[in-house]
Amino acid sequence: MNSPPLNTVRRYLAALHASDTAALLACFEAEGCVVSPFLGTMPAHAFFPKLAQASARSVITPIDLLASVQPGTEGARVAAYFRYDWTLKDGQLVSFDCVDLFDFAPDSDRIARMTIVYDTHPLRAEVGDKYA
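Residues numbered from 1 in each chain as written. Predicted model: local features only at pLDDT ≥ 70, side-chain atom pairs only at ≥ 80, totals over all residues. Heavy atoms only, no water.

Trainee: Is there a simple way to explain the packing of aromatic side chains in this structure?
Mentor: Under the counting rule described, the total for this entry stands at ten aromatic pairs. Among the aromatic side chains, those forming a connected cluster through ring pairs are Phe38, Phe82, Tyr84, Trp86, Phe96 and Tyr118. (Phe/Tyr/Trp six-rings, centres within 6.5 Å; stacked < 30°, edge-to-face > 60°.)

What follows is the structure, given as structure tokens:
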């Protein structure tokens, strides 16, 4: 299945894998935001530089993309399920499965809101707060 929102999510995953902050931001609306289990709700333009500052490398292994069959009047919704092998600046490797939920405004192919979903308990116990 090909649609503008799905293609945007594919570009997003490729940019995350490449650690390309500019390409990540290009996937978002100017006022787009990210809801992070570690950092709360932040503007995308603030979140991705903070992620880059905490990261040495990201390996993204897509597992599945899921598009809403009933997007409603709010716009399209896509979920990306993937494996995230994240190397932190200090060299520590953290691996986990993750789902990012992408909300798109009506008639837009840019992300309005992304919600990151994963179990933070094992990560917090293992690495603490690496964004600090």
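Read on for the rest.
Trainee: Can you walk me through the confidence of the model for the protein chain in this structure?
Mentor: The predicted coordinates ought not to be read in detail in places where the model reports low pLDDT. Residue-level pLDDT values for the protein chain average 90, and 86% of them are 70 or greater. Within the protein chain, no element has a lower average pLDDT than helix H4 (residues 120-127), which sits at 66, and none a higher one than helix H2 (residues 21-26), at 98. (pLDDT = per-residue confidence, 0-100. Helix = DSSP H or I, 4+ residues; strand = E, 2+ residues; numbered from the N terminus.)

Trainee: Honestly, the sheet that holds strand E3 (residues 55-67) in this entry has me stumped. Any pointers?
Mentor: Sheets are built from strands paired through backbone hydrogen bonds, the pairs being either parallel or antiparallel. Taken in spatial order, the six strands of this open sheet run E2-E1-E6-E5-E4-E3, and their pairing is mixed. Lying at the two open borders of the sheet, with one neighbouring strand each, are strand E2 (40-43) and E3. Across this sheet, the average inter-strand angle for adjacent strands is 25°, counted without regard to direction. Where E3 meets strand E4 (residues 77-88), eleven bridges bridge the pair, whose relative direction is antiparallel. (Pairing = 2+ DSSP bridges. Axes fitted to C-alpha atoms, helices over the stretch in contact; angles between N-to-C directions.)

Trainee: Any chance you could explain the pairing of strand E5 (residues 93-104) here in plain terms?
Mentor: The side chains of a regular strand alternate between the sheet's two faces. Pairing geometry for E4 and E5, over eleven bridges, is antiparallel. Counted as the bridge partner of Val78 is Phe102 from E5. In this antiparallel pair of consecutive strands, E4 and E5, the connection spans four residues, and Gly91 shows a positive phi of 95°. Note: E5 against strand E6 (residues 111-117), six bridges, orientation antiparallel. Paired with Asp100 across the strands is Ile116, a residue of E6. The hairpin turn running from E5 into E6, its antiparallel successor, is six residues long, and Asp107 in that turn takes a positive phi close to 60°.

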